[in-house]
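Tertiary structure, described
Take a look at the letters that make up each chain.
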Amino acid sequence: MRIAALALAVTVLGCASAKGAQAPAPSPAPSDSGQTTAAGPGALSVPNANPFPSTYKPFPSQPTVIENVTILTAAGPRIENGAVLLKDGKIAVVAKSADAPELKQAMNGASPVVIDGKGKYLTPGIIDVHSHMGVYPAPGVDANSDGNEATNPATPNVWAEHSVWPQDPQFPRALAGGVTTAQILPGSANLFGGRSVVVKMVPARTVQGMKFPGAKYGLKMACGENPKRVYGNRGGPSTRMGNVAGYRAQWIKAEEYRRKWDKWLKDRKGEPPARDLGLETLAEVLRGNIYVQNHCYRADEMAQMIDISHEFGFKIRAFHHGVEAYKIADLLAKEGIGAAVWADWGAFKMEALDAVRANLALLDKAGVHAMIHSDDASGVQRLNQEVAKAMAAGRAAGLDISEDEAVKWMTINPAWAIGLDDKIGSIETGKNADVVLWSGDPFSVYTHADKVWIDGALLFDRSDPRERWRTDFELGFVPDETPAASAVPAQSTGGNK
Amino acid sequence: MTARYLAAAALACSALASAAGAQTIAITGGKVYPVSGPPIENGTVLIRDGRIAAVGTNVSIPADAQRIDATGKVVTPGLVNPSTELGLVAVGFGGDANESNARTDSGLAPSFKSWDGLDPRSVYIAATREDGITSNVTVPVGGLIAGQAAFIDLVNGTREDMLLKAPAAMVGQINDNQSAHAGARGQLLGTLRSLLDDAKYYASHRAEFDRAQSRRLSVSRADLEAMVPVVQGRVPLLLEAEKASDIGAALDLAKQYGIKLIIAGGAEAWMVADRIAAAKVPVLVGAMNNIPYSFTMLGARQDNAALLRRAGVQVALIGNAGGGDEEMFNARNIRYEAGNAVGYGMSWDDALRAVTLAPAEMFGVADRVGSLQAGREANVVVWSGDPFEFATRPTQVFVRGVLQHDVSRQDLLTQRYKTLPPSYGKKE
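Definitions and cut-offs
- Starting afresh in each chain, residues are numbered from 1 along the sequence in its written order.
- For naming, the first written chain is A and the first written ligand is 1, with later ones following in the order written.
- Selection of residues for local features in this predicted model requires a pLDDT of at least 70, selection of side-chain atom pairs for listing and counting requires 80 or more, and totals for whole chains, interfaces and linings are taken over all residues.
- By convention in this description, side-chain values take in all heavy atoms of the structure and omit both hydrogens and water.
- Secondary structure counts use DSSP, requiring at least four H or I residues in a row for a helix and at least two E residues in a row for a strand, with both numbered from the N terminus.
- Contact criterion: two residues are considered in contact whenever any of their non-hydrogen atoms come within 4.5 Å of each other.
- Accessibility throughout is a Shrake-Rupley quantity obtained with a 1.4 Å probe, and a residue counts as covered only by protein chains that appear here.
- The size measure is the radius of gyration over C-alpha atoms, and the globule rule it meets is 2.2 Å times the number of residues to the 0.38 power.
- Only protein chains enter the calculation, and the probe is 1.4 Å; a residue is then buried if its accessible area is under 20% of its type maximum, exposed if over 50%, and partly exposed in between.
- Lys and Arg are tallied as positive, Asp and Glu as negative. Neither His nor the chain termini are counted.
- In plain terms, the charge of a residue is placed at NZ if it is Lys, CZ if Arg, CG if Asp and CD if Glu.
- The term salt bridge refers to a pairing of a side-chain nitrogen on Lys or Arg with a carboxyl oxygen on Asp or Glu at a separation within 4 Å.
- Here a cavity is any set of points on a 1 Å grid over the protein atoms alone where a 1.4 Å probe fits but cannot get out, and a pocket is any open set with protein on both sides within 12 Å along at least 5 of 7 lines; a residue lines the site when it has an atom within 4 Å of a point.
- Grid points are joined across faces, edges and corners, and a volume is the space filled by probe spheres set on the points.
- Only the contacting stretch of a helix is used when fitting its axis, a line to C-alpha atoms as for every element, and angles between N-to-C directions run 0 to 180 degrees.
- Here roughly perpendicular refers to angles of 65 to 115 degrees, roughly parallel to angles under 35, roughly antiparallel to angles over 145, and oblique to all remaining angles.
- Polarity classes work like this: nonpolar for Ala, Val, Leu, Ile, Met, Phe, Trp, Tyr, Cys and Pro, charged for Asp, Glu, Lys and Arg, and polar for all others, with Gly in that last group.
- By definition, disulfides here are pairs of cysteine sulfur atoms that lie within 2.5 Å.
- A strand pair is defined by DSSP finding two or more bridges across the two strands.
- Residue-level confidence of the predictor is what pLDDT reports, using numbers from 0 through 100.
- Remark: nonpolar core denotes a set of buried residues (Ala, Val, Leu, Ile, Met, Phe, Trp, Tyr, Cys) joined through side-chain atoms within 4.5 Å.
- What gets called buried area is simply the loss in accessible area from a 1.4 Å probe that two parts show on being joined, summed for both.
- Polar contact is the term for a pair of N or O atoms within 3.5 Å; when the atoms are in protein, one must be able to donate a hydrogen and the other to accept it, and sequence-neighboring residues count only if both atoms are side-chain atoms.
- By definition, any crossing whose near helix is turned counterclockwise from its far helix by less than a right angle is left-handed, and any crossing with a clockwise turn is right-handed.

1. Comments concerning the overall build of chain A
Helix and strand content of chain A: 13 helices and 18 strands. At a minimum sequence separation of 6, the contacts of chain A that also span at least 24 residues come to 71%. Total accessible area on chain A is roughly 17,700 Å²; 52% of this is exposed by carbon and sulfur atoms.

See the structure below:
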């Protein structure tokens, strides 16, 4: 219940993030990450693209066939009574039926685990491009509140991964909701909030153990109310025009910094320029190696951010919290900028006043890379339901939206927004075996994720509560869920079913 | 029940929106869920003078009745959201239009009548009603005792028209020390006991109080007056408590003072379900809250509502999972709480009851709303299918017998921007 201040705090914090834009690769861009290993004693400290490398290794897996299942591929029309083979961490075969010869061929005599998917649905793993799990973990105590470096309106120098607590109990709950990948962002207090990190929903001792190997970084930027509210009495910005001046001032510095470093990296002569962590991140955006993920509610502000991106020659990959994105769907489509939105959040502040539930559907129909996002550790567990709401709203507004299209809003489109659409986000041969087996139509309120695989390994199985991932924090503190009501969803007898 | 009786009853109910009351409407052919009784296939709901005149399979339909064919559809009572700020808040944050929080120095605001700030023209009312919610409880927030809640019908009318019962409850919380202006739970509960002691004393010493001969009391006369019906068990005390031990403390307090208690939140209520059931205390609980957001809700789990029902506790559903503004903009989403409750083990019929009759019973208005029975106010919704499913939409919504024709602000925005660029009303 909302009597306590908690919900408000979550909302205000949550709505702070912004996603980056994909830089247009302005030239053969020397990554400012000239190297990926430590410089070593006595060597020059030059920018390093990957100083905190992923140590993620896929969990043990067995070849697995899921058959007789309805497959929403996110890559085309659904396959009824289809079958997939997960092998060596990849989707090895997507077949029209369990009898398909290519299945047997791919198994090569080995006997896989076979799961009967009769009456069930298979989708790609859900991807949330806007999460604060780990940086605003549960319990939401001050001691663990690490999502906003609210000491300066421009902190492109901070990296979300340095705040991520891998023992956040919100991670296993997201996994149980069918989420396999999430982009963790800094909050939205700042014009430049810092770097994002893309993680898999897997148990690990360190954030490095969760990091999606090879994923691009994002730069979180934020428009509107949050920065001016946070800094209005602390030296500014205190207005939207102050916000814009703040963005431009940083990009001017970043452009100069990029020029100096690119020259030095090319010539390798003389003293290298002084390093600046924040400008390194911005320079990487200018080179097209880091995606701008831009928290921005209002249509008019999004248009201004687009002009700023033109002025400095970078590209915004996606606007997040774009509650007014539907008003400029044509502009977003023309610019090739994605829109990550909620299904129905609105009016919790002035810039969220014009939220409409048909937002996603309107964006999709206009040709925008449209996607759901959560910004919320509760909502992330039910992104399929959020998509269902948005689909229903689109249909109510007279837009023809199919389930085959809507499933993309939580899979391939968010994969595109974080630059991983070649690896995840659809059920196609060769992609990572990140899939979810649903108890029924994922757009029904009664449906659960029954099983979730990441890289072919079964990470969540609702039928086996004893094997449920429990974080360190939960041990002792959070009582075990006895397999009571939750293990056996009651049959719906209501309505017209 | 005669028409004469109905008319008398209507007069007795000052809040009736009377204009369209003369109409007779027959909803036929649908699957009717009266909630107070078993479902009726191919049932008829007859509405007359703003009230339900008859429900069943064998209802004689007057010749002049307007007929609505609900074949293949579902007919339910209008849904009730028992925990909202609807009509109190125009913008959650930074909009200077928030009437839900009294903000006292003491954290004690028993005399705060939340409905004094109720805006019958709130743009969110239409959007909520469009989704089949016809009643809600308007709940103040903040402090230890936040103030008084009202049970309202979402009629198109004045504030007085809307009020079904005010006060419907005194609202407080024992979940958060800081909000309650306390340093520790013991201090918080001590303040609450002092308030209850003072209210009891005041109730039998009004004359002394007037002559300034009473003992020293902790709050003002207005606050004491507001607390008297609470300590006399006439107005329920709606207390937010999440932790099992806090719920235990609330049960003890209620027993000691003879208070009619409603627990709200109740994240760990499942742990003490048997005690709650034995005390016959109802619980307002969400169906999506499974995150240990604080040390008071470490045991939050999604099948809480189902476990409570199983133990025999009366349960009404609220939106409290956090994030999506379930109190105002998304007060309309209460039907999805019900759907998720079913997904986590509650029976479908119990879930429907938990968003209709159960909250009506808790707040003492079950003789007016929450079920489809002759004599009840005609808050009726016809649904295209299962009301808990996302794909389902209400096809007709009646509030006190009046068919609503809502076009919400969100509908207007959607229409304006469906084709880009928008014309802004100017001809090409």
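Structure shown, so let's carry the discussion forward.
2. Some remarks on the overall build of chain B
In terms of helices and strands, chain B carries 13 helices and 16 strands. Relative to the 2.2 N^0.38 estimate, which gives 22 Å for 428 residues, the radius of gyration of chain B is 22 Å and therefore close to what a compact globule would have. Oriented by its inertia axes, the alpha-carbon framework of chain B measures out at about 65 × 55 × 50 Å. Residues classed as buried in chain B amount to 64% of the 428 residues present. At a minimum sequence separation of 6, the contacts of chain B that also span at least 24 residues come to 67%. Side-chain charges of chain B comprise 41 positive and 43 negative groups, with the mean position of each set lying 4 Å from the other.

3. Describing the side chain of B:R185
When you line up the elements, B:R185 lands in helix α4 (residues 185-203). Once you skip the residues sitting within four places of it in the chain, B:R185 turns out to touch B:I174, B:N175, B:D176, B:N177, B:D246 and B:T296.

4. Some words on the pattern of salt bridges
All names here are of chain A. Enumeration according to the criterion identifies 47 salt bridges over all chains in this entry. The residue E474 makes a salt bridge to R173 at a minimum N-O spacing of 3.0 Å. In this pair, E474 sits in helix α13 (residues 474-477) while R173 sits in helix α3 (residues 170-176), placing the two residues 301 residues apart along the sequence. Comparing E474 with R173, the two get one shared label, buried.

5. With respect to empty space enclosed by the protein
If a probe the size of a water molecule is rolled over the atoms, the empty space left behind becomes visible. Here the structure, examined in full by the defined rule, presents five cavities of 30 Å³ or more. Estimates place the volume of the largest cavity at around 310 Å³. In terms of lining residues, the largest cavity is bounded by 28 residues, among which A:W345, A:E386, A:K389, B:M288 and B:E326 are the most central. Taken together, the elements giving at least two residues each to the lining of the largest cavity come down to α10 (383-396) of chain A together with α10 (334-343) of chain B. For the lining of the largest cavity, the leading source of residues is α10(A), giving four residues.

6. Remarks on the packing of helix α5 (residues 240-267) of chain A against helix α6 (residues 277-287) of chain A
Residues and elements named next belong to chain A. For the pair α5 and α6, interaxial distance at closest approach is 8 Å and the crossing angle is 80 degrees. By the criterion of interaxial angle, the relationship of α5 to α6 is roughly perpendicular. Contacts between α5 and α6 involve Q250, W251, K253, A254, E255, Y257, R258, W261 and D262 from the first element and L279, E280, L282, A283, V285, L286 and R287 from the second. Classifying every residue of the contact of α5 with α6 gives nine nonpolar, one polar and six charged.

7. As for the environment of A:A340
Residue and element names in this part refer to chain A. You can see A340 is positioned in strand β14 (residues 338-341). Look at A340 and you get buried, because its relative accessible area is 0%. In this structure the C-alpha to C-alpha distance between A340 and G322, which are 18 residues apart in sequence, comes to 6.4 Å. Residue contacts for A340: discarding those within four places in its chain leaves V129, F319, H320, H321, G322, M371 and H373.

8. Examining the state of the cysteines
Residues and elements named next belong to chain A. With the rule as written, the count across this model stands at one disulfide over all chains. In this model, C223 is linked to C296 through a disulfide, with the two sulfur atoms separated by 2.3 Å. Between C223 and C296, the disulfide has an S-S torsion of -95 degrees and is therefore left-handed. Of this pair, C223 sits in the loop between β11 (218-222) and α4 (225-231) while C296 sits in the loop between β12 (291-295) and α7 (299-312), placing them 73 residues apart in sequence. Of the two residues, C223 and C296, both sit in the buried class.

9. Topic: the environment of A:D146
Residue and element names in this part refer to chain A. With respect to the helices, strands and loops of the structure, D146 is situated in the loop between β7 (126-131) and α3. Exposure remark for D146: the relative accessible area of 38% places this residue in the partly exposed category. Remark: the alpha-carbon pair of D146 and G476, spanning 330 residues in sequence, is separated by 24 Å. Excluding residues within four positions of it along the chain, D146 makes contact with V135, Y136 and S163.

10. Here we look at the sheet that holds strand β12 (residues 283-285) of chain B
Pairing between the strands of a sheet is mediated by backbone hydrogen bonds and can be parallel or antiparallel. All names here are of chain B. Spatially, eight strands are ordered β6-β7-β8-β9-β10-β11-β12-β13 in an open sheet, and the strand pairing comes out mixed. Unpaired on one side and paired on the other, β6 (79-84) and β13 (315-317) mark the two borders of the sheet. Direction aside, the axes of adjacent strands within the sheet are offset by 25 degrees on average. By the bridge criterion, four bridges tie β6 to strand β7 (residues 133-138) in an arrangement that is parallel. Its bridge partner lying in β7, N81 is registered against N136.

11. What about the confidence of the model for chain A?
All names here are of chain A. Scored by pLDDT, chain A comes out at a mean of 90, with 88% of its residues at no less than 70. Within chain A, strand β6 (residues 121-124) carries the highest mean pLDDT (99), whereas strand β1 (residues 19-20) carries the lowest (32). Confidence over residues 1-30 falls short of pLDDT 50; this stretch has 138 contacts with residues more than four positions distant or in other chains. Within the model, the stretch residues 484-497 combines pLDDT values under 50 with 46 contacts to residues more than four positions away or in other chains.

12. Some points on the nonpolar core
A:M201, A:W251, A:L332, A:W409, B:I276, B:L317 and B:F388 are the most contacted members of the largest nonpolar core, which has 248 residues in total. Ranked by the residues each element gives to this core, the list is headed by α4(B), at eight residues. If sequence neighbours within four positions are ignored, A:W409 has contacts with A:L360, A:A361, A:D364, A:A370, A:M371, A:I372, A:V387, A:A390, A:M391, A:I401 and A:P414. Among the nonpolar cores identified, the runner-up in size contains 15 residues, and B:I25, B:V32, B:A378 and B:F398 belong to it.

13. Quick notes on the interface of chain B and chain A
Contacts between the two partners involve 88 residues from chain B, matched on the other side by 75 residues from chain A. Between chain B and chain A the total buried area reaches about 6,300 Å² when both faces are included, carbon and sulfur atoms providing 59% of it. At the junction of chain B and chain A, the tally comes to two salt bridges. Between B:D131 and A:R357 there is a salt bridge, with its nearest N and O atoms 3.1 Å apart. Linking chain B with chain A are 20 residue pairs in polar contact (both at pLDDT 80 or more). Put simply, the parts of the chain that give the side of chain B that touches chain A at least two residues each are β6, β9 (163-173), β10 (237-241), β11 (261-265), α9 (304-310), α10, α11 (348-354) and α13 (409-417) of chain B. Considering only residue class, the side of chain B that touches chain A consists of 39 nonpolar, 30 polar and 19 charged.

14. Notes on the packing of α4(B) against helix α7 (residues 244-257) of chain B
Residue and element names in this part refer to chain B. α7 packs onto α4 with a crossing angle of 15 degrees between their chain directions and a minimal axis gap of 12 Å. Between α4 and α7, the crossing angle belongs to the class labelled roughly parallel. Taken as a pair, α4 and α7 cross one another with a handedness that is right-handed. Listed contacts from α7 to R185, L189, L192, R193, L196, D197 and K200 of α4 are D246, A249, L253, Q256 and Y257. The class makeup of the residues in the contact of α4 with α7 is six nonpolar, one polar and five charged.

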